[in-house]
Amino acid sequence: MPSFFDTSIEFLKGVGPQKAALVSKELSIFSYGDLVQHYPFRYEDRTKFYKTHEVHGDLPFVQLKGRISGLETIGEGRKKRLVAKFSDDEGSIELVWFKGIQWVSKKLKLGVDYVVFGKPAAYGRKINIAHPEIEVLTTQNENAAFLQPVYHTSEKMKAKFLDSKALSKMVRQVMLLAEQHIQETLPQNLIDQFGLIDKKLALWHIHFPGNNELLKKAQFRLKFEELFYIQLRLLKLKISRIDKFKGQVFNDSSLLTKFYNEHLPFDLTGAQKRVIKEIYQDMRSGRQMNRLLQGDVGSGKTIVAFICMLLVVSRGAQATMMAPTEILADQHYEGLKDFAESLGIGIAKLTGSSKTSERKQIHAGLQDGSIQILVGTHALIEDTVQLKNLGLAIIDEQHRFGVAQRAKLWSKNAAVYPHVLVMTATPIPRTLAMTVYGDLDVSVIDEMPKGRKPIKTLHQYDSKRLEVFGFMKKEIEAGHQIYVVYPLIEESSKLDLKDLMDGYESIVRAFPDYHISIVHGKMKPQDKDFEMQRFVRHETQIMVATTVIEVGVNVPNASVMVIENAERFGLAQLHQLRGRVGRGAKQSYCVLMTDYKLSKEARTRLETMVKTNNGFEIADVDLRLRGPGDITGTQQSGVLDLLIADISKDTKILQAARNAATDLLEQDPDLSRPENYNILRHIQSLKKSVVNWGRIS
Ligand code: ADP
Ligand code: MG
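One structure accompanies this document, and this report is about it. Because the structure is predicted, anything quoted here is derived from the model rather than measured.

## Here we look at the site of ligand 1
1) Next: In the vicinity of ligand 1, 16 residues are found, and the nearest of them are Asp267, Gly298, Lys301, Thr302 and Arg452.
2) Next: Residue Lys301 places a side-chain N or O atom 2.8 Å away from an oxygen atom belonging to ligand 1.
3) Next: Protein contacts shield 78% of the accessible area of ligand 1, which totals 570 Å² for the unbound molecule.
4) Next: Of the residues belonging to the shell around ligand 1, the class tally is four nonpolar, seven polar and five charged.

## Digging into the packing of aromatic side chains
Here the distance between the centres and the angle between the planes together describe a pair of aromatic rings.
1) Next: Counted according to the given criterion, the structure contains 15 aromatic pairs.
2) Next: Ring geometry for Phe259 and Phe306: centres 5.2 Å apart, planes at 70 degrees, overall edge-to-face. On the criterion of sequence distance, the pair formed by Phe259 in helix H10 (residues 254–262) and Phe306 in helix H12 (residues 301–314) is long-range, its members being 47 residues apart. Of the two residues examined, Phe259 and Phe306, each falls in the buried class.
3) Next: Among the aromatic residues, those joined into a cluster by ring pairs are Phe194, Phe220, Phe224, Phe228 and Tyr229.

## What about helix H19 (residues 525–536)?
Side chains of residues three or four places apart in an α-helix project in the same direction, reflecting 3.6 residues per turn.
1) Next: Over its twelve residues, H19 runs 16 Å from end to end, which matches the ideal 16 Å to within 8%, given 1.5 Å per residue.
2) Next: Every buried residue of H19 is listed here: Asp529, Glu531, Met532 and Phe535. Buried residues along H19 cover an arc of 165 degrees about the axis, so they all sit on one side. Across H19 from its buried face, at more than 90 degrees, point the exposed residues Gln526 and Phe530.

## Re the packing of H12 against helix H13 (residues 326–342)
1) Next: Two numbers describe how H12 lies on H13: the axes approach to 11 Å, and their chain directions differ by 45 degrees. The angle between the axes of H12 and H13 places the two elements in the oblique class. Classified by chirality, the crossing of H13 by H12 is right-handed. Listed contacts from H13 to Thr302, Ile303 and Phe306 of H12 are His332, Leu336, Phe339 and Ala340.
2) Next: Within the contact of H12 with H13, the residues separate by chemical class into five nonpolar, two polar and no charged.

## Re unusual backbone geometry
1) Next: Backbone geometry places His131, a non-glycine residue, at a positive phi of 40 degrees.
2) Next: Relative to the helices and strands, His131 resides in the loop between strand E7 (126–130) and strand E8 (133–136).
3) Next: Exposure remark for His131: the relative accessible area of 39% places this residue in the partly exposed category.
4) Next: The residue Phe161 is not glycine, and still its phi comes out positive at about 60 degrees.
5) Next: Secondary-structure assignment places Phe161 in the loop between helix H5 (155–159) and helix H6 (164–178).

Parameters and conventions
Residues numbered from 1 in each chain as written. Chains lettered and ligands numbered in written order. Predicted model: local features only at pLDDT ≥ 70, side-chain atom pairs only at ≥ 80, totals over all residues. Heavy atoms only, no water. Near = heavy atom within 4 Å. Polar contact = N/O pair within 3.5 Å; in protein donor to acceptor, adjacent residues only side chain to side chain. Areas by Shrake-Rupley, 256 points an atom, 1.4 Å probe, with all protein chains shown as cover. Nonpolar A, V, L, I, M, F, W, Y, C, P; charged D, E, K, R; others polar. Phe/Tyr/Trp six-rings, centres within 6.5 Å; stacked < 30°, edge-to-face > 60°. Helix = DSSP H or I, 4+ residues; strand = E, 2+ residues; numbered from the N terminus. Buried < 20%, exposed > 50% of the residue type's maximum accessible area, 1.4 Å probe, protein only. Expected span 1.5 Å × (residues − 1). Arc of directions from axis to C-beta. Axes fitted to C-alpha atoms, helices over the stretch in contact; angles between N-to-C directions. Parallel < 35°, antiparallel > 145°, perpendicular 65-115°, else oblique. Left-handed = near helix turned anticlockwise from the far one by under 90°. Contact = heavy atoms within 4.5 Å.

Rendered as structure tokens:
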């Protein structure tokens, strides 16, 4: 039976098929249900009247009462505009129109009382409001005590008079009809526990808030519901996977102990020990592991990965480690080879540039089990690569790989899926990790190896370039190496490439006695690798590069990272770049170069970098500045398609919703108890309709 909320919006009074089609096309609103969930994105406060002298340019919107005391058209051509002097007892401001001048000037009357509403802007000491809403003052609008909802629309819709007000009228029609169709979606105990208002009230006040307090309550209730159902889905997914997929049992730690006692060149940090324990627990549990290992750059994830591989190797099974680039695969291989060989473990590397003869050998070794650890790029998920018994698949720098690639890894062992460990240095704030990776278990290395000197970060203006060059010279004379990084953004890459080449030339001129490498995205992979290797071997002292060096590269002798046009980088990127230095015992530096002119946001980013080395702190600021959609690796997740909650701001609600969902599934895993009937019914109605979870229907 189709529900009331499936009714097409074309049946609303004053809508009809044509307007309905436009609204559907522009906003994906098809049914009553879609419309009711098209929540206002902000509210205009019509409860307060400002006085003209209180108005300043930073106010989002103001409502004023007063009269027009002067009206003139000034300027010519495109600059022509109508300017009205609008006064109250305290002073005056200007109202300005650029369009519809004739029509507006005919309508406006001097000496009549008006109500004006709009966004003020400051030009020097003058304040004006461009294209304000203006109505003759009536007892009704004078005493209007409400928050007016503002809805997203589009230019095409506005052209057909489907503006925010028209949408509001449509919503009101549906809401008046919907009364007996809206069902409660949360159980009474949660409503009581969190002091939520009921669903009906919440929907009403989200669209037509009676007052500020009711609006807050409506928002809280709907955000909680949305996040609760997302968490419930993720947790259920996790549970069902645990039930469904068995994992090989790896409970022999003898090789691990041997390595630990005889070969490990340093003490593990407490955090490394903890995450190894967490992973070990999973791998001997008999269930398939799906775990995300987060750790800031340089926190020592590679050795953790290797130690976990030993658990698998002890039992005669195999482990793979996949890196996003050839350089990284090389580095992992070089790093692990000695360890593996010292323990008599067969290890090999497979990348796009492995020769055919080499490949054949590797394929054979993987099939007969003599190769126990395989390091490589995505070449290792190709169908031709068959393993005798893949027990653990590790993916480094996760965000470069898609979900499909992960699935391919699984299929490498159809008998029993391999355990999967995904490693990332992108510091994902806890709240985001919880939402996006809610179905993975998360381990965090939140401690750096001892003896590391925190990187010193400074912000320098371009005018100080000579001093920066002087500093670089000193560092090179002390035997260290230096990165100089330029931004390269796809669309403007020609200009950026010119910047890079100019910079390169000026560095060549300033450092005639040294060798300089250059690497950028337009180069062939082999050439890039060649230059990179020269730098790794210390044949060059300075590496001039675009962000291609961003991920994972390990040159412990590099002690300075100079970032040009630093204002053009995002925080996450700056932090990744900075992580390329500070990998040895010596003091390292990061120099952020910019012009004097900087936006407020850019300044915040630079200040954050100067202030802290902590990736999680930086990620939190990043999330606040940019919102969650931008953070690498989350775009394809689909779960961030939120109607009302904002995970960068609603952290507390998210946490509460997560806890509530966890408790619920612990107490009533099948949702079969009568008191949870609302939840079961809601989930079933969601499954029936095509809409995603978290929606009403
Ligand atoms: P990332 O987490 O960025 O992948 P790596 O695994 O590359 O970091 O480790 C960075 C460096 O720190 C490597 O040279 C590694 O050998 C070293 N390292 C790792 N763990 C420790 C430790 N507990 N004590 C000292 N050095 C360590
Ligand atoms: Mg790494």
